[in-house]
Every structure is written in C-alpha cells, then in structure tokens.
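# Overview (structure and organization)
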Protein chains: 2
Amino acid sequence: MTELTIALDAMGGDQGPDIVVTALARALSSFPRVHFILVGDEAKLNTLLQQHPQIQKSARVSLQKSTQVVAMTDKPSAVVRAKPDSSMRVALDLVHNGSAQACVSAGNTGALMAMAYLTLKTLPGVMRPALVASLPQQNGSQGLLLDLGANPSCDAETLCQFGIMGSVMAQHINAVKKPRVALLNMGTEEMKGNDIVRHAALLLKASPHVEYIGFVEGSDLFSGKADVIVCDGFTGNIALKSCEGLAELLYANLKQSFSGHTMSKWLVKLLFKRYRKSWDWLNPDQYNGASLLGLRGVVMKSHGNASANAYFSAIQHAIREAEVSLPEQIHDRIEAALLELR
Amino acid sequence: MTELTIALDAMGGDQGPDIVVTALARALSSFPRVHFILVGDEAKLNTLLQQHPQIQKSARVSLQKSTQVVAMTDKPSAVVRAKPDSSMRVALDLVHNGSAQACVSAGNTGALMAMAYLTLKTLPGVMRPALVASLPQQNGSQGLLLDLGANPSCDAETLCQFGIMGSVMAQHINAVKKPRVALLNMGTEEMKGNDIVRHAALLLKASPHVEYIGFVEGSDLFSGKADVIVCDGFTGNIALKSCEGLAELLYANLKQSFSGHTMSKWLVKLLFKRYRKSWDWLNPDQYNGASLLGLRGVVMKSHGNASANAYFSAIQHAIREAEVSLPEQIHDRIEAALLELR
C-alpha cells in the first residue's frame, strides 16, 4: 500500500482547531504510516501545537496556512466565491492537486458540498455527488442512506447511480458481499410512489451492477432489510430530521412520565443518559463520517460541534475510504454500468 | 343544531365487527342525540347485537346490510370496481346520498381513499383530497400534518390548498384562532428545497386565507413551531414511517441496554410500557382519526387493528367534524381563495 496523506480542515466546526489537533495527536499514533496536513490559521495552530510536542516533532505532519474561515452561518453559494483561501477550500485543493487523498472537515455542510463539487468535480460519468451516512440497524449491522441533502431533486438515472455508488461503498467499507439495494418509497408495491421512483426501480432492476431488492418504507430505515437505501436529498433529509424530531418528543414525554417517580432515580437518570446517547447521531449536522460520494477524491464531513473523539472517528473513516480507493472503485463500477448502456 | 347521523363500516379492520359494535354501545350513551347506521353482514351483526340489547332497542341505530368486505390486502384500484356492495362503499354511499353526515371505517386505507374520492368527490374548487392526522407537540398541543399519502406528487397550487384546508381544520377542530401554517422542507432558508415547495411558499405567502410562517424541517414535526405542516403524500408518508422505524430501533436498543440489569425490573418494565405507548400512534395504518379533507362529506379512518376504544375515538372525531360542518367550512374558505384569484 502506498502511503496516504489526509488533509484536515482545522478551522471548520463550532469548536475550532483545538479538537482537530487533539484528534490528530491520536490519529498519529493510531495510523503510523499515514501523513497529515493541518490546514488553518498559522499563528493559532502554532500556539496550539506547543501543547502537542509529538505533533510538532512528527515528520508525518505538515502545516498549510490559510487566511479565511467558513462560518457555520455562511451561505454555501456565497462562500464558493468569497472564501477562496478558507481552510475548507485549501484542504479540498490539496486533494484536488494530489497532495492528499482525502480531506476531513467539521465545517458548514452546505458549503462543504458546494466547494467539494466545484473543486474536485464528479468522477467521469457520475451525474451528481451524494451525501451518504451509515445508519445503525436493528440487527447490529450498518445500513447506508443516500442522498441526505446534496440533491433536492433527482431524476431516475441519478437515483440508479446512487444505488450503484452505495453498493460499492457497502462492499468496500461495510464489507457486505452482495449489498441489498432498495429505493425508499411510500409503499412496497410496484405501483406505489411517483414516476421518478418507479422509473428508478426499473433501471435498478435491469442493472447487473446492483442487487436490487425493491421498495422499502420509512419504517425500514433501521430494520436491517436493506444494506443501501436510496432516495433524493429532499426525502433523505426530511426522513432523518423527522426521526430527530421524534426522538426529542419521546425524550420529553418520557421525562415527564417519570417526573413523579421518587424511587430509583439513578435508574431513570441512567435511562435518560443512554436514551440520549442512542439518538445523538441523528442530528444531520452531526453525522459523524458522512461522506460525499461520486467525487474525484474522498471528502468526509465530521460533526459541526464534534468532540475530538468524533473528529478522530471521521479521520478513521476518511483513511478507510482512501485505503480502499473508494472513488476509483466507484469510477470502475459506474464506467462498467455506462458501457453496458452503449 | 340539527341531528347528526354517522355511518359505521362494521366489517373493515382486522378485528371485525365486534369492536365496532362495542364502540357503538359507548357512543350511543355518550352522544344522546346522534344517530348511527351500522353497515355490514346482516347475520353476523344481528348475532353480535344480541349481546347489546341497548343497541337493539335504540331508535337511534339502524342496520344497513352489505354483502362484501374490503380486505386489508385488497388493491385499492381493484376494490373500487370489484366491491360495489362492500360495507365500506355502502357506508360512503350513505354519506353521498345525505343519509349520513360522516362515515367511519377501520378498513384498508388505500381502498378508503380511492372509494371516498370516487363516491363523494372533492368539494367544488378543491383539486385533491388530503389525508391528515394530528401529531402531538412538545408543548402539549396538537399539530396537523398533511398529506400523509393520498397524493404521491403535488403541484404548488395543491400544496397551497392543503395549507388552507389544514388551517380551517386547525381552527374548527383544534380551536387555534390563527393557525400557523408551514411547509415541510429540507431547510428553512427561502432558496432551500425544490421548485414546487418554493413556488408553494410564494402562493401561501400571498394568500390572505392562511397565516403562513415559512419552511420548517423534519425536526419540527413535533416541536410545536407550527399548527399545520404541509407536504406531498410521498414526503408525509416517509417522514412518519421513518419515525416509526426509529421508535422501533430505540426501543430495541434500550431493551438491550437494560437487559443486564437485575434490579428495579418493575421500573424497567413500566418504562417500556410507557415508551411503547408513547409512539403507538405512529403507525400510519393506525392513525386514530386520520381524516380525508376536501371531500363532500366527513370520512374518518380508524386503526386497522383498532380496539373498541380507538374506534370510539374515531367516532368522536367524526362527530366533531360533522358538528362543525368541516366540509362546508373548507368549501367557504376555498371558494373565497378562488374568487380572489379571479
């Protein structure tokens, strides 16, 4: 395996560069052959690094200065032009020019999607990039859901490509031999839904590049029925955010329901702690290790208000995708699918 | 107030006519001025009624025989032609010919939507009927979400009408003076989402017939931010079913998380009981008192596997909608909105 380099946007995210540097310290020892480029405000980073001599001394870390920062409140469309020297953009440029194989950012999701698309471009034949995240399944496995908001509307061909890209990711990242790919719909019968989803079903059914299993409903997002669930970004975003809303409601209800109980307070407390923990991952601004599929390079989104642990986990995901050359794997499969159509 | 008559489809639902008759017994004493028509298999109903002398003796109950039953597995499109003498269809016909002001069914939702649309037709000016349900809000109030699946795709004008219809319902049923109407979208900024939802936003903003407050996200379905949330049936169905899926996952996780605890088993048990109860209403086949808005008559859907209590609750909802003449109220508002456009 050739040595990998990962670019880290140190300035994105609500927590600033502190957690990025802490995560980097951990990644340095966990991945002894991986190189890192820390992108951000030079003065701030140098000050921070004084507390991390192992990073300062490491030959596997270099600093790349940038003078601008993308704020969480910045409009994606504006950022693309207005912040060409932002840490996010510079980190993406490092992937674009081959200095790094992947980049990790905890910054503004919309800005990251827009900038990554502009900087890296899609792989040949890929119509649109998709934001994908892993969802825990009832059987303990991981399912992939895409798109989560990169594309408000999708045509059938795009949805079909998402199925192919998701299938490649499930194979190489989640180690599923024959990933079961499904389309999210309002019912499982063939005539259900709208024209686009029905047309996408025909395309996926006809494709030898995916194991298409049919429509699944929202109730199957976590049921383990499919390894990859495909929808447009509008639907994916609303599905997951609705879950977030429900989790908040159930939490509030349960809390109220137990407010009168004086006994076993420790148990109730424990319960709430575990309960909160069980849906923390639901906040779409906080998907840990949501990636943009279909681009010429690996782009990993970490929590906006990620802890160092969460950012470290995003680095792990990015390394994994770079190690298996996920963009190249996707490229090969998409190319094969396109050749078939000729 | 003139006296009301409610038609009850006694055969729909997984539980058969037993629970319908039990619910009717309760409704008879709770609503001393309301008349009921029980529709279904004559022999079966007569046998059942022997256990309910108060129903047999009542001058406010009549029987209407029907020879067919819509099964939960029947295809809606097929049922419309194949089962003209089903209890569901006969109950709807009673509303259509003015013998009843409302009908309640626990049968196949898709079949009920199709048959109701065909039998009752939409109110003048109403483009499409919408399935609407109440969602509990964190502040204890009720919010309305529509459409839940009657219309997989909607244009902007239809979404705008749903906003108007929902607003009328929130006023007359949930007693909200100035219902805040919102559109479900993948973000709250004006440029978010697809063309249809952005166009619908312009129409709702311009309408003097609704208090439009802008876009809300999935995370606001239960937050109390809006009194009426509008989306197409595809989105509404997937949003709610995703919540159902999450509730199942959290339940399984929590159960596993506490499986090692030997102490306070009673508390854990109580917890799970309350927890399950807190999201039982989420199953879209089980919305209790989901109604079809925009038709020339009140049509109320009860749980498919409803208890007698749940069916009674659907009867209550139907009576309430008939009492306030909800279809007429909707008609007036839609007519006013249409006149404005001329």
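As shown above, the structure is provided for reference.
Everything numeric in this text was worked out from a predicted model, so none of it was measured.

### Some words on the overall build of chain A
Helix and strand counts for chain A stand at 12 helices and 11 strands. Pairs at least 24 residues apart make up 72% of the contacts formed inside chain A by residues separated by at least 6 positions. Of the roughly 13,800 Å² of accessible surface on chain A, 51% is carried by carbon and sulfur atoms.

### Structural notes on the packing of aromatic side chains
Any pair of aromatic rings gets described here by the distance separating the centres and the angle formed by the planes. Enumeration according to the criterion identifies two aromatic pairs over all chains in this entry. Ring plane angle 35° and centroid distance 6.2 Å describe the contact between Phe31 of chain A and Phe312 of chain A, whose orientation is recorded as tilted. Taken as a pair, Phe31 of chain A in the loop between α1 (17-30) and β2 (35-40) and Phe312 of chain A in helix α11 (residues 308-323) lie far apart in primary sequence, 281 residues in all. Its relative accessible area of 4% is what places Phe312 of chain A among the buried residues. Above the ring of Tyr117 of chain B, the side-chain terminus of Arg128 of chain B is found at 4.8 Å from the ring centroid.

### Things to note about the sheet that holds strand β10 (residues 290-293) of chain B
Think of a sheet as strands paired side by side through backbone hydrogen bonds, with each pair either parallel or antiparallel. Residues and elements named next belong to chain B. Strand order in the open sheet formed by 11 strands is β3-β2-β1-β4-β11-β10-β5-β6-β9-β7-β8, with mixed pairing between adjacent strands. Of all strands in the sheet, those bounded by a partner on one side alone are β3 (61-65) and β8 (211-216). The sheet shows a mean angle of 25° between the axes of neighbouring strands, taken without regard to direction. In this structure, strand β1 (residues 5-9) lies alongside strand β2 (residues 35-40), joined through five bridges in parallel fashion. Among the inter-strand pairings, Leu8 is bridged to a residue of β2, identified as Leu38. Together, β7 (180-184) and β8 form the strand contacts of helix α8 (residues 195-206), whose direction differs from that of β8 by roughly 160°.

### Side note on the environment of Arg198 of chain B
Residue and element names in this part refer to chain B. Topologically, Arg198 is positioned in helix α8. A relative accessible area of 26% places Arg198 in the partly exposed class. Arg198 sits 13 residues away from Asn185 along the chain, and the two C-alpha atoms are 9.1 Å apart. Excluding residues that lie within four positions of it along the chain, Arg198 makes contacts with Glu190, Met191, Lys192, Gly193 and Phe215.

### Regarding the pairing of strand β11 (residues 298-301) of chain B
Side chains on a regular strand alternate between the two faces of the sheet. Residue and element names in this part refer to chain B. Along β11, one buried face is formed by Val298 and Met300 and the opposite face, lined by Val299 and Lys301, is buried too. Relative to β11, strand β4 (residues 102-105) is paired through four bridges, and the arrangement is parallel. Counted as the bridge partner of Val104 is Met300 from β11. Between the antiparallel neighbours β10 and β11 lie four residues, among them Gly294 with a positive phi of about 100°.

### Comments concerning the packing of helix α7 (residues 156-172) of chain B against α8 of chain B
Residues and elements named next belong to chain B. It is the contact of α7 with α8, at a shortest axis distance of 8 Å, that shows an interaxial angle of 50°. Put simply, α7 runs oblique to α8. Handedness of the crossing formed by α7 with α8: right-handed. Of α8, the residues touching α7 (which contributes Ala156, Glu157, Leu159, Cys160 and Gly163) are Ile196, His199, Ala200, Leu203 and Leu204.

### Some points on the packing of α7 of chain B against helix α12 (residues 326-341) of chain B
All names here are of chain B. Contact pair α7 / α12: the axes reach a minimum separation of 10 Å and the direction vectors enclose 135°. Between α7 and α12, the angle falls in the class oblique. The way α7 lies across α12 gives a crossing that is right-handed. Residues Gln161, Ile164, Met165, Ser167, Val168, Met169, Gln171 and His172 of α7 pack against Leu326, Gln329, Ile330, Arg333, Ile334 and Ala337 of α12. In terms of residue class, the contact of α7 with α12 is built from eight nonpolar, five polar and one charged.

### Overview of helix α2 (residues 42-49) of chain B
Residue and element names in this part refer to chain B. Turning to α2, its buried residues are Leu45, Leu48 and Leu49. The buried residues of α2 occupy an angular sector of 95° when the element is viewed end-on, so they sit on one face. In this structure, the buried side of α2 is in contact with α1 (17-30), β2, α3 (53-57) and β3. Sitting at the amino-terminal end of α2 is Asp41, which places a side-chain oxygen 3.2 Å from the backbone nitrogen of Ala43.

### A few points about the sheet that holds β2 of chain A
All names here are of chain A. Here we have 11 strands laid out as an open sheet, ordered β3-β2-β1-β4-β11-β10-β5-β6-β9-β7-β8, and mixed in their pairing. Single-partner strands in this sheet number two, and they are β3 (61-65) and β8 (211-216). Averaged over all pairs of adjacent strands, the angle between their axes in this sheet comes to 25°, without regard to strand direction. Two strands pair when backbone bridges link them, and strand β7 (residues 180-184) and strand β9 (residues 228-230) are joined in this way by three bridges, in the parallel orientation. Residue pairing for β9: Leu183 is matched across the bridge by Val230. Across the sheet, helix α8 (residues 195-206) touches β7 and β8, and the angle it forms with β8 is around 160°.

### What about unusual backbone geometry?
Peptide bonds are, in most cases, trans, and in most cases residues other than glycine have a negative phi. Following Leu146 of chain A, the chain continues to Asp147 of chain A via a peptide bond in cis, the omega torsion being 5°. Positioned with a positive phi, Ser325 of chain A is a non-glycine residue whose angle comes to about 50°. In this model, Lys121 of chain B sits at a positive phi of 65°, which is unusual for a non-glycine residue. Following the sequence through the fold, Lys121 of chain B ends up in the loop between α6 (109-120) and β5 (130-136). Looking at Lys121 of chain B, the relative accessible area reads 45%, which means it is partly exposed.

Analysis parameters
- Residues numbered from 1 in each chain as written.
- Chains lettered and ligands numbered in written order.
- Predicted model: local features only at pLDDT ≥ 70, side-chain atom pairs only at ≥ 80, totals over all residues.
- Heavy atoms only, no water.
- Helix = DSSP H or I, 4+ residues; strand = E, 2+ residues; numbered from the N terminus.
- Contact = heavy atoms within 4.5 Å.
- Areas by Shrake-Rupley, 256 points an atom, 1.4 Å probe, with all protein chains shown as cover.
- Phe/Tyr/Trp six-rings, centres within 6.5 Å; stacked < 30°, edge-to-face > 60°.
- Buried < 20%, exposed > 50% of the residue type's maximum accessible area, 1.4 Å probe, protein only.
- Lys NZ or Arg CZ within 6 Å of the ring centre and 35° of its normal.
- Pairing = 2+ DSSP bridges.
- Axes fitted to C-alpha atoms, helices over the stretch in contact; angles between N-to-C directions.
- Parallel < 35°, antiparallel > 145°, perpendicular 65-115°, else oblique.
- Left-handed = near helix turned anticlockwise from the far one by under 90°.
- Nonpolar A, V, L, I, M, F, W, Y, C, P; charged D, E, K, R; others polar.
- Arc of directions from axis to C-beta.
- Polar contact = N/O pair within 3.5 Å; in protein donor to acceptor, adjacent residues only side chain to side chain.

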